[in-house]
Amino acid sequence: MSSNSALAPIMIGRIEQLQELEQLLDAARRGVGRIVFLTGKAGVGKTRLVREFLNRVGSQEPIQILTGYCYAESPAVPYGPFIDALRTFLRTEGAEVIKQVTGPWISDMAKLLPELEVRLPEMITSYEPQLEKQRLFEAIYQAIRPHDARNCRIVVLEDLHWSDQTSQEMIHHLARTIERDRMLILVTYRTDDLDHRHPLTHLIAQLTRERLHHEVRLSPLTQQEVADMLDVTLQRPMASGFVHALYSHTEGNPFFVEEILKVLIEHAHLDDLIEATHSGKSIAQLEIPTSIKESILSRTVDLDDRTADVLKYAAVIGRHFDFELLLRLTGLPETELLRSIKRLIDRQLVIEERNVPEDRYSFRHALTREAIYDDCLRRERRIKHREVLQALKETHQANLEDVVDQLAYHSLQAREMKQAASYALLAGDKAMRMHAYREAVAQYEVALEAVDTDDVRAQAEILDKLGAASYPLGNYNLPARYWQEAQRFYQQLDDRGKVGDLHRWLGRGAFEQH
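Predicted model only: the values in this text are computed from it and were never measured.

**Examining the overall build of the chain**
Summing up its helical and strand segments, the chain has 24 helices and eight strands in all. Taken along the three principal axes of its C-alpha coordinates, the chain extends 85 × 55 × 45 Å. Looking at the chain as a whole, 53% of its 514 residues qualify as buried. Sequence-distant contacts in the chain: of pairs separated by 6 or more residues, those separated by 24 or more amount to 72%. Total accessible area on the chain is roughly 24,400 Å²; 47% of this is exposed by carbon and sulfur atoms. A distance of 2 Å separates the average location of the 64 positive side-chain charges in the chain from that of its 78 negative side-chain charges.

**Here we look at a negative patch on the surface**
On the surface, E324, E334, E358 and D359 cluster together into a negatively charged patch. Secondary-structure assignment places E334 in helix α16 (residues 334–346). For E334, a relative accessible area of 54% puts it in the exposed group.

**Some thoughts on the side chain of S163**
As for its placement among the helices and strands, S163 is situated in the loop between β3 (152–158) and α7 (165–177). One polar contact links the side chain of S163 to the main-chain carbonyl oxygen of L160, over a distance of 2.8 Å. Of the polar contacts made by the side chain of S163, one reaches the side chain of Q168; its length is 3.0 Å. Residue contacts for S163: discarding those within four places in its chain leaves C70, A76 and Q168.

**With respect to unusual backbone geometry**
In this model, S74 is joined to P75 through a cis peptide bond whose omega is -5 degrees. Along the polypeptide, P75 turns up in the loop between β2 (63–69) and α3 (80–93). For R415, which is not glycine, the phi torsion reads 60 degrees and is therefore positive. Position of R415 among the secondary structure elements: in the loop between α19 (404–413) and α20 (417–433).

**Section: the sheet that holds strand β4 (residues 183–190)**
Within the open sheet, the five strands sit side by side as β2-β3-β4-β1-β5. Their pairing is parallel. Only two strands of the sheet have a single neighbouring strand rather than two, namely β2 and β5 (214–217). The mean inter-strand angle of the sheet, taken between neighbouring strand axes irrespective of direction, is 20 degrees. In terms of strand pairing, β2 meets β3 through seven bridges, oriented parallel. If you follow Q64 over to β3, its bridge partner there is R153.

**So, the packing of aromatic side chains**
The description of an aromatic ring pair rests on the distance of the ring centres and on the angle between the ring planes. Within the structure shown, the criterion is met by seven aromatic pairs. When the ring of Y471 is compared with that of W505, the centres are 5.7 Å apart and the planes differ by 75 degrees; the resulting orientation is edge-to-face. Within this pair, whereas Y471 is found in the loop between α22 (456–470) and α23 (477–492), its partner W505 is found in helix α24 (residues 496–513), the two being separated by 34 residues in sequence. For Y471, a relative accessible area of 16% translates into the label buried. Relative accessible area serves as the criterion here: at 25%, W505 is assigned to the partly exposed category. In textbook terms, an aromatic cluster arises when at least three aromatic residues are bridged by ring pairs, as seen for F321, Y361 and F363. Positioned above the aromatic ring of F89 is the side chain of R153, whose terminal nitrogen or guanidinium carbon lies 5.0 Å from the ring centre. The side chain of K384 reaches across the aromatic face of Y313, ending 4.5 Å from its centre.

**Describing the pairing of β4**
Two faces make up the sheet, and in a regular strand the side chains alternate between them. With eight of its eight residues buried, β4 lies for the most part within the structure. Across the two faces of β4 the burial is the same, with M183, I185, V187 and Y189 and L184, L186, T188 and R190 all buried. Two elements, strand β1 (residues 34–40) and β4, share seven bridges in a ladder whose sense is parallel. Within β4, the residue paired with V36 across the bridge is L186.

**Describing the packing of helix α14 (residues 305–317) against helix α15 (residues 323–330)**
Contact geometry of α14 with α15 gives a least axis separation of 10 Å together with a crossing angle of 120 degrees. The orientation of α14 with respect to α15, classified from their angle, is oblique. When you trace α14 past α15, the crossing you get is right-handed. In this structure, α14 uses V310, Y313, A314 and I317 to contact α15, whose residues at the interface are L325, L326, L329 and T330. Tallied by class, residues from the contact of α14 with α15 come to seven nonpolar, one polar and no charged.

About the criteria used
Residues numbered from 1 in each chain as written. Predicted model: local features only at pLDDT ≥ 70, side-chain atom pairs only at ≥ 80, totals over all residues. Heavy atoms only, no water. Helix = DSSP H or I, 4+ residues; strand = E, 2+ residues; numbered from the N terminus. Buried < 20%, exposed > 50% of the residue type's maximum accessible area, 1.4 Å probe, protein only. Contact = heavy atoms within 4.5 Å. Areas by Shrake-Rupley, 256 points an atom, 1.4 Å probe, with all protein chains shown as cover. Lys, Arg positive; Asp, Glu negative; His and termini not counted. Charge placed at Lys NZ, Arg CZ, Asp CG, Glu CD. Patch = residues over 30% accessible without salt bridge, like charges linked within 9 Å, V, L, I, M, F, W, Y side chains within 5 Å. Salt bridge = Lys/Arg side-chain N within 4 Å of Asp/Glu carboxyl O. Polar contact = N/O pair within 3.5 Å; in protein donor to acceptor, adjacent residues only side chain to side chain. Pairing = 2+ DSSP bridges. Axes fitted to C-alpha atoms, helices over the stretch in contact; angles between N-to-C directions. Phe/Tyr/Trp six-rings, centres within 6.5 Å; stacked < 30°, edge-to-face > 60°. Lys NZ or Arg CZ within 6 Å of the ring centre and 35° of its normal. Parallel < 35°, antiparallel > 145°, perpendicular 65-115°, else oblique. Left-handed = near helix turned anticlockwise from the far one by under 90°. Nonpolar A, V, L, I, M, F, W, Y, C, P; charged D, E, K, R; others polar.

Okay, here's the thing in structure tokens:
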């Protein structure tokens with residue numbers, strides 16, 4: 001009789017990688033800080049290894065742990081994983097501690113964490129934008145570094161392949177800064193999401209040249225490790241024919257192994273399949289899913305309509321979602337929504353998050369959310385994005401800036417172009433205040449694409465902002481093109497003041513270029 005759970009109770013393999021991480025942590029305890037990139041294909045077990053490592057070291061001498069996540073949203077939120085990690089710090093230590101450790105950089109930190117309620121100086125266009133960014137980098141470093149000589153700090157940044165480029169610049173800065181700190185920064189990313197054009201590829205190349213990071217690469221499990229995984233999960237030894245069939249089908253990807261087991265257990269096919277391998281059937285004759293997506297979706301087909309709808313709303317919201325937002329979106333009574341979420345937890349599709357102040361949940365794996373989201377019809381996704389957009393506006397009407405990046409994302413996905421232009425413009429302004437210039441450019445480009453083409457002044461203002469955002473990036477040709485285009489629009493409007501302002505900026509840029 002097999003277990004009802006398809007999740008391995010212990011991690012299989014990865015002993016060498018765990019030992020490697022523990023050695024790096026020992027070095028960090030001695031004041032040799034390091035950035036470690038934990039990498040491998042989707043589903044290979046990066047997050048599982050991080051959790052196992054943190055569980056092991058958490059019971060040892062005082063270690064402070066901060067965690068931040070990146071999300072599959074475009075444009076990405078400026079400093080997204082660092083804001084996540086800093087909010088963990090804010091929840092556990094309180095605002096006064098952050099103010100104390102950040103010291104003279106507290107006004108810079110408040111650009112990321114407005115809940116610190118620090119009075120910010122009025123924003124002006126800086127003649128030294130890179131210096132302003134360096135101040136914010138220093139504020140982040142001061143906040144996340146260990147402040148007690150007896151303590152060691154671990155910072156985990158998950159899914160960096162989805163991160164904004166300013167966060168990647170911040171990681172480069174930290175790699176140079178933490179070399180004498182009791183600090184270990186663990187970064188996970190998918191290798192199958194990168195190509196030579198991906199910004200993260202360039203960061204890794206830079207860090208490799210400068211020897212500023214350490215890489216721990218995860219490979220798929222061996223066939224023996226898959227056999228061990230089946231033994232501890234199903235609580236009985238498996239015949240070699242079944243192990244070989246499952247290993248061949250999953251190529252040793254542990255997440256896919258678990259997904260296949262879930263399908264077989266839930267549909268009572270496991271014993272039949274084991275028997276089939278004894279009788280010599282080929283893998284093609286075995287009725288098991290042929291992809292991770294198929295295995296995930298096969299476990300949702302018999303959900304009741306209410307729970308299936310909750311699952312789709314959650315997928316549209318993102319990897320992480322909270323109870324109150326789902327309550328507003330679904331219109332279900334609280335007890336009914338809770339019942340649906342429990343069903344999804346029982347199906348091992350979502351998990352309840354711990355150590356957060358609100359009732360928050362997340363998909364057990366990013367691949368789970370991606371499969372559910374991709375299975376929705378395009379129009380269905382647009383409708384749900386529109387509903388999420390409205391719900392966010394209603395629940396955050398007093399502090400829209402806190403969620404302006406989400407509003408920009410959901411309005412664009414909902415094809416609400418007027419709102420997309422407005423929120424992308426606000427998100428770009430917010431990125432500028434954070435000195436996240438590449439992310440500001442990305443948001444302003446969205447705003448320019450979405451704005452009404454008959455609105456000449458709006459186009460001129462966005463192009464002006466694009467020039468200002470791209471100016472600090474070092475390639476003068478780009479802001480020059482934006483400003484020249486903005487000038488043409490302002491000339492149409494006979495706005496001589498703005499035409500003159502842009503002449504001065506164009507002249508200054510041309511002078512600095514030479």
